Amino acid sequence: MSVAAAQLGGAQAQARALHAARPLLSHLRALESEAIHVMREVAAEFERPALLFSGGKDSIVLLRLAEKAFRPAPFPFPLMHVDTGHNFPEVIEFRDRHVRELGEHLIVASVQESIDRGRVVEEQGPRASRNQLQTVTLLDAIAEHGFDAVLGGARRDEERARAKERVFSFRDDFGQWDPKRQRPELWNLYNGRIRRGENVRVFPISNWTELDVWEYIDEEQLEVPSIYFAHERPVFRRDGMLYAWRDGAELIDGERVFSETVRYRTVGDMTCTGGVLSQARTLREVVAEIAATRVTERGETRADDRVSEAAMEDRKKAGYF
């Protein structure tokens, strides 16, 4: 055997040994790597991005991904929450505490302030909800702070309209979304070029599922608000859903308040977010429960998505996240 052949054989053997020693990239780590790449692209391509943080599970994952993407430096964007004023108290407490622990800056865009300024008109009656009013508050905040990109935790598996979204979802100068005018995304190449007044909604975990999110939370041992775990609380039943009782809520004839052991799969506005009967009190139990379910979180627990078949898409076209 020639010296060259021997050297080649040795190099090949060394390469095989290194390959065998390298752990395979897990499904979750592949998703994590993709999301970190998206976040770094946003930081590189846009002048003033922001990251939506509600205190919910998806935005908690986004914050961990941002830590991995940018620490030990501060985040290259502020955090923002569109607060309806009817959020779960446990989630607001968690939101504020978590932001303090991270040492980041939080902008709170208030729907109540939009109502007080006459920008929106609040609905009345027992079925009134502020959820749809968030659109104006969000668009006003984007304009006020000059944000050209807003990152959020929406995922394609949540709802059919969100399945149409690109990772970089472009909005016109009115903040509106047109699914027919979205740019193609080839491999992991993202075109962030926009005209003045336009902005982009960015979804780093678009390709994740609800199960992926919970498995990642379990693997990373992330803290989440207590309402994600089974707990007893006063509720009332309406339209087949269990709503949390809150001060000021109006009951319809025949409805009553009673105690039930529930947990919440999503942490939206209390007026349109239902709980599910559950005994899952640990992360592992929540993961097992989600693995067994066949109904999406929004399909089971969000009344605002039951208004019509195209309820979410109509809101998105108007500027909803």
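Note: the structure precedes this text.
This section reports on the structure supplied with the text. (Residues numbered from 1 in each chain as written. Predicted model: local features only at pLDDT ≥ 70, side-chain atom pairs only at ≥ 80, totals over all residues. Heavy atoms only, no water.)

**Some thoughts on the environment of Glu198**
Okay, so step 1: Counting through the fold element by element, Glu198 comes out in the loop between strand S5 (168–171) and strand S6 (199–202).
Okay, so step 2: Judged by relative accessible area, which is 17%, Glu198 ranks as buried.
Okay, so step 3: Not counting the four nearest positions on each side in its chain, Glu198 is found in contact with Arg171, Asp172 and Asp173. (Helix = DSSP H or I, 4+ residues; strand = E, 2+ residues; numbered from the N terminus. Buried < 20%, exposed > 50% of the residue type's maximum accessible area, 1.4 Å probe, protein only. Contact = heavy atoms within 4.5 Å.)

**Side note on the nonpolar core**
The nonpolar side chains of a soluble globular protein tend to be buried, and buried together.
Okay, so step 1: Ranked by size, the top nonpolar core spans 59 residues in total, and within it Leu51, Leu65, Phe168, Trp208 and Trp214 carry the most contacts.
Okay, so step 2: Among the elements that line this core, the one with the most residues is helix H3 (residues 57–70), at eight residues.
Okay, so step 3: Counting the residues that make up this core, at least three belong to each of domain 1 (27–211 + 311–317) and domain 2 (221–306).
Okay, so step 4: Membership of the second largest hydrophobic core comes to 15 residues, among which are Val82, Ala109, Phe147 and Val150. (Core = buried A, V, L, I, M, F, W, Y, C linked by side-chain atoms within 4.5 Å. Domains from an automatic or database assignment.)

**Quick look at a nonpolar patch on the surface**
Okay, so step 1: A contiguous nonpolar surface patch, about 420 Å² in accessible area, is contributed by Leu186, Trp187 and Leu189.
Okay, so step 2: Overall, the relative accessible area of 55% leaves Leu189 in the exposed class. (Patch = residues over 30% accessible without salt bridge, like charges linked within 9 Å, V, L, I, M, F, W, Y side chains within 5 Å. Areas by Shrake-Rupley, 256 points an atom, 1.4 Å probe, with all protein chains shown as cover. Salt bridge = Lys/Arg side-chain N within 4 Å of Asp/Glu carboxyl O.)

**Quick word on the side chain of His81**
Okay, so step 1: Examined against the element boundaries, His81 turns out to sit in strand S2 (residues 79–83).
Okay, so step 2: Residues within four places of His81 in sequence aside, it is in contact with Phe53, Ser54, Asn87, Ile92, Arg95, Leu106, Ile107, Val108 and Ala109.

**Side note on the pattern of salt bridges**
Okay, so step 1: The tally for this structure, following the rule as stated, stands at 26 salt bridges.
Okay, so step 2: The partner of Arg97 in a salt bridge is Glu223, and the shortest N-O contact between them spans 2.8 Å. Taken as a pair, Arg97 in helix H4 (residues 89–102) and Glu223 in the loop between helix H7 (210–220) and strand S7 (231–238) lie far apart in primary sequence, 126 residues in all.
Okay, so step 3: With a relative accessible area of 22%, Arg97 lands in the partly exposed category.
Okay, so step 4: For Glu223, a relative accessible area of 42% corresponds to the partly exposed category.
Okay, so step 5: For Glu255, the salt bridge is made with Arg238, and the minimal N-O distance between the two is 2.8 Å. Taken together, the residues Glu255 in the loop between strand S8 (241–244) and strand S9 (258–263) and Arg238 in strand S7 connect sequence positions 17 residues apart.
Okay, so step 6: Salt bridges linked by common partners bring Arg29, Glu32, Arg64, Glu67, Lys68, Glu219 and Glu220 together as one network.

**Describing the sheet that holds S2**
Paired through backbone hydrogen bonds, the strands of a sheet run either parallel or antiparallel to each other.
Okay, so step 1: The strand order across the open sheet formed by six strands is S3-S2-S1-S4-S6-S5, and the pairing between neighbours is mixed. With partners counted over all chains shown, the strands left at the sheet margins are strand S3 (106–110) and S5, one partner each. Strand-to-strand twist of the sheet, defined as the mean angle between neighbouring strand axes without regard to direction, takes the value 30 degrees.
Okay, so step 2: Summarising the sheet, S5 and S6 pair through four bridges and their orientation is antiparallel. Bridging from a neighbouring strand, Arg171 pairs with Asn199 of S6.
Okay, so step 3: Packing against the sheet, helix H2 (residues 27–45) makes contact with strand S1 (49–52), strand S4 (149–151), S5 and S6, and its axis sits at approximately 40 degrees to S5. (Pairing = 2+ DSSP bridges. Axes fitted to C-alpha atoms, helices over the stretch in contact; angles between N-to-C directions.)

**Overview of the pairing of S3**
Okay, so step 1: Extensive coverage of S3 is indicated by the burial of four of its five residues.
Okay, so step 2: As paired strands, S2 and S3 are joined by five bridges and run parallel to one another. Pairing of Val82 across the sheet is with Ala109, part of S3.
Okay, so step 3: You can see the chain leave S2, run along H4 and come back into S3, and the turn it takes is right-handed. (Right-handed = clockwise from strand over helix to strand, strands pointing away.)

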